[in-house]
Amino acid sequence: MLSEIIIKNFAIIEEVSISFEKGLTVLSGETGAGKSIIIDAIGLLLGGRGSAEFVRYDTEKAEIEGLFHIENENHLIYSRCRELGFDIEDEMIILKRDITSSGKSVCRINGKLVTTSILKEIGGLLVDIHGQHESQDLMDQEHHLPMLQQYDEKAIAHLFTEYQNIFNNYTDLKKQLKQLTENEQQMAHRLDLIQFQLTEIQNANLQENEDDQLMEERLKISNFERIYKSLVEAYQGLSQDGSGLDSVRSSMYSLESVTNIDNDIKEMHEGISSSYYLLEDISYRLRDSIEQMEYDPNRLNEIETRLSEISMLKKKYGHSVADILKYAEGIEQELDTIQHKDMHIEKLQKDLDNVKIKLIKAGKTLSNKRKELAIKLTADIHKELKELYMEKTTFEIMFDVEEGQESDPIIDEQHIKFKKDGFDIVEFYISTNPGEPLKPLAKVASGGELSRMFLALKSIFTKHQGITSIIFDEVDTGVSGRVAQAIAEKIHKVSIDSQVLCITHLPQVASMADTHLFIAKLIDGNRTKTSVTPLRNDQKINEIARMIAGVEITDVTIQHAKELIDQAASAKYQSQ
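I will try to describe carefully the structure that is included in this document. The structure presented is a predicted model; accordingly, all values stated were derived computationally and were not measured.

1. Some words on the overall build of the protein chain
Part 1 of the reasoning: Broken down by element type, the protein chain carries 19 helices and 15 strands.
Part 2 of the reasoning: Taken over the C-alpha trace, the protein chain has a radius of gyration of 38 Å; the compact-globule value for 576 residues is 25 Å, which it surpasses by more than 25%.
Part 3 of the reasoning: Seen through its principal axes, the protein chain has C-alpha atoms that stretch 120 × 75 × 55 Å.
Part 4 of the reasoning: Counting the 576 residues in the protein chain, one finds 42% classified as buried.
Part 5 of the reasoning: Intrachain contacts of the protein chain at a sequence separation of at least 6 include 71% that bridge at least 24 residues.

2. Examining the environment of Y253
Part 1 of the reasoning: The topology assignment puts Y253 in helix α9 (residues 244–256).
Part 2 of the reasoning: When its relative accessible area of 49% is taken as the criterion, Y253 is described as partly exposed.
Part 3 of the reasoning: Between the alpha carbons of Y253 and A41 there is a distance of 82 Å; along the sequence they are 212 residues apart.

3. Thoughts on the sheet that holds strand β11 (residues 439–440)
Part 1 of the reasoning: Strand order in the open sheet made by the three strands is β9-β10-β11, with antiparallel pairing throughout. Sheet topology places β9 (394–401) and β11 at the edges, where each strand pairs with a single neighbour.
Part 2 of the reasoning: Pairing of strand β10 (residues 424–431) with β11 involves two bridges; the strand directions are antiparallel. Paired with Y429 across the strands is P440, a residue of β11.

4. So, the sheet that holds strand β6 (residues 105–109)
Part 1 of the reasoning: Spatial ordering of the open sheet is given by β2-β1-β4-β5-β6-β7, a layout of six strands whose pairing is antiparallel. Of all the strands in the sheet, the pair left with one neighbour each is β2 (13–19) and β7 (112–114). For this sheet the average axis-to-axis angle between neighbouring strands, irrespective of direction, equals 15°.
Part 2 of the reasoning: Inspection of the sheet shows strand β4 (residues 61–69) paired to strand β5 (residues 92–100) by nine bridges, in the antiparallel sense. Each residue of the ladder has a partner; that of H69, found in β5, is M92.
Part 3 of the reasoning: Strands β1 (2–10), β2, β4 and β5 of the sheet are contacted by helix α1 (residues 35–45), whose axis makes an angle of about 105° with β1.

5. Regarding the state of the cysteines
Part 1 of the reasoning: The full count for this structure, using the stated rule, is zero disulfides.
Part 2 of the reasoning: There is no disulfide at C81, and the cysteine sulfur nearest it, in C107, is 14 Å away.
Part 3 of the reasoning: You can call C107 buried: its relative accessible area is 3%.

6. Focus: the side chain of H516
Part 1 of the reasoning: Its location among the elements puts H516 in strand β14 (residues 515–524).
Part 2 of the reasoning: A distance of 2.7 Å separates polar atoms of two side chains, one belonging to H516 and the other to S28.
Part 3 of the reasoning: With near-sequence residues (within four places) excluded, H516 lies in contact with V26, S28, A510, T533, P534, L535, K540 and E543.

7. Topic: the pairing of β14
Part 1 of the reasoning: Examined bridge by bridge, strand β3 (residues 24–28) and β14 share four bridges and lie parallel to one another. Among the inter-strand pairings, S28 is bridged to a residue of β14, identified as F518.
Part 2 of the reasoning: Pairing of β14 with strand β15 (residues 527–534), which is carried by eight bridges, proceeds in the antiparallel orientation. Across the sheet, the residue bridging to I519 is V532, located in β15.
Part 3 of the reasoning: The antiparallel pairing of β14 with β15 creates a hairpin that spans two residues between the two strands, and G525 there sits at a positive phi of about 70°.

8. Examining the pairing of β2
Part 1 of the reasoning: Alignment of β1 against β2, held across six bridges, turns out to be antiparallel. The partner of E4 across the bridge, within β2, is S19.
Part 2 of the reasoning: The hairpin formed by β1 and β2 contains two residues between the paired strands, and A11 there has a positive phi angle of roughly 55°.

9. Quick look at unusual backbone geometry
Part 1 of the reasoning: Positive phi, close to 55°, is recorded for N9, a residue that is not glycine.
Part 2 of the reasoning: With respect to the secondary-structure elements, N9 resides in strand β1.
Part 3 of the reasoning: Even without being glycine, D90 reaches a positive phi, approximately 55°.
Part 4 of the reasoning: Accessibility expressed as a relative area gives 64% for D90, which makes it exposed.

10. Concerning α1
Part 1 of the reasoning: Buried residues dominate α1, accounting for nine of its 11 residues.
Part 2 of the reasoning: Buried within α1 we find K35, I37, I38, I39, A41, I42, G43, L44 and L45.
Part 3 of the reasoning: G47 lies just past α1 and shows a positive phi near 105°.

Definitions and cut-offs
Residues numbered from 1 in each chain as written. Predicted model: local features only at pLDDT ≥ 70, side-chain atom pairs only at ≥ 80, totals over all residues. Heavy atoms only, no water. Helix = DSSP H or I, 4+ residues; strand = E, 2+ residues; numbered from the N terminus. Rg over C-alpha atoms; globule rule 2.2 N^0.38 Å. Buried < 20%, exposed > 50% of the residue type's maximum accessible area, 1.4 Å probe, protein only. Contact = heavy atoms within 4.5 Å. Pairing = 2+ DSSP bridges. Axes fitted to C-alpha atoms, helices over the stretch in contact; angles between N-to-C directions. Disulfide = S-S within 2.5 Å. Polar contact = N/O pair within 3.5 Å; in protein donor to acceptor, adjacent residues only side chain to side chain.

Structure below.
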């Protein structure tokens, strides 16, 4: 759960620190007070898209920091954080994000710098944010299939991954086949080009790491005099009469006669002996190197010419000799394919047919699993809708397949067109009145019905996803009366298993709150800022009365607010 958040210099927020509790926390206040700004800040903390516009005017950066407690040791975030190298101590994880006035973001998890994408991944395991616009996703049929799979992702993930892997293999083979059967003139031009390139590379007779070896040799020849002088001086220092080796040998002989008397002397003698023989070996190598050195100015010219040739090939075929040789290997295979095109086309077609059979099988298995999930989801949605006063509504998930054209190669014998996510077309249908036929949800659902349908789906998905915190940003728009009460009870029911933060203008929802935060906009000097105040019971009554009455709070609205709170307490007790 989200335990605490600190927000500094974010939009109209100068600085607020908010502590959150388990259960249902309601955020209320006048429109424009900054309720949604707080949710926006949480969204950015979880990896949402940042912008310099979020930074409070005349400040350098916005800072958002959140503390989360994860009591469930089996939560997915523990294993994922271990994979990413983060330690979670005392069941706590701290997310932090700074956004500068230039728009740059700095993200941290438990003090460790991370990318925005990693912050988003970890944040997605902690909090699920649902705004007003998300209920509109129900109006878009394209979102229905992902919603169905979201119902039980664990059950379908391996089938979906298997299908996609086969599909990717199929499209790769299809692409190769198309390349071999495309315009003959283009194929002839390609053949001429790669034949020329391959001949040019082969004629160069390149050797692995040849360029590095040549540059090393060039460096030695260019510094011939310095190297020769150094070798001679080193050799003379060791081997001339009275020089290094003579002195070491004299010391070795001096100790030799007393090594059997003192073990320390024996050990020192052995050390000097080892050093002497090592230096003697080095002196022989120095002598051999001097004798072998020969300055050849023509060799330097040969090296420069060869390096120039290699440099020209690098500009065409790769950054290194290894890249050039790898490119040559690739076009050699391509040349063989083109020259024996008919044979390769026949093989590709056989491979394509075999993969196509696998694709159809995997697609049907995936589709059957989706239909199983659809039956379960439909039953759960009917149960949820009944609790939201939509008991007479009939919900059904319709399946269809997308038909391809005869010329489309991704078609089985019944002209089913396979896509990256399978061949299913899924759409939600409802009938809100008995006797009326089922119709697409987008065409018949009102705003209130969409809100309830959305809440029903989220109530179901929450049980499957294991998210620790859920945020509802005015998802109760467009409802009133007993439906508002039903939605309030539904939101509280979700909060029993998951922490819920809810922005609302409905007094019915506010009355169900375990914690009530009042958001207000204040004028301090010539600047506007947002304040957050936890409400005591008497303050909560006044705020709910304001939500009921609007402008003027009367004794009647106060009494009504008390009644709502009493009813909420009774409903909470019954749901336990």
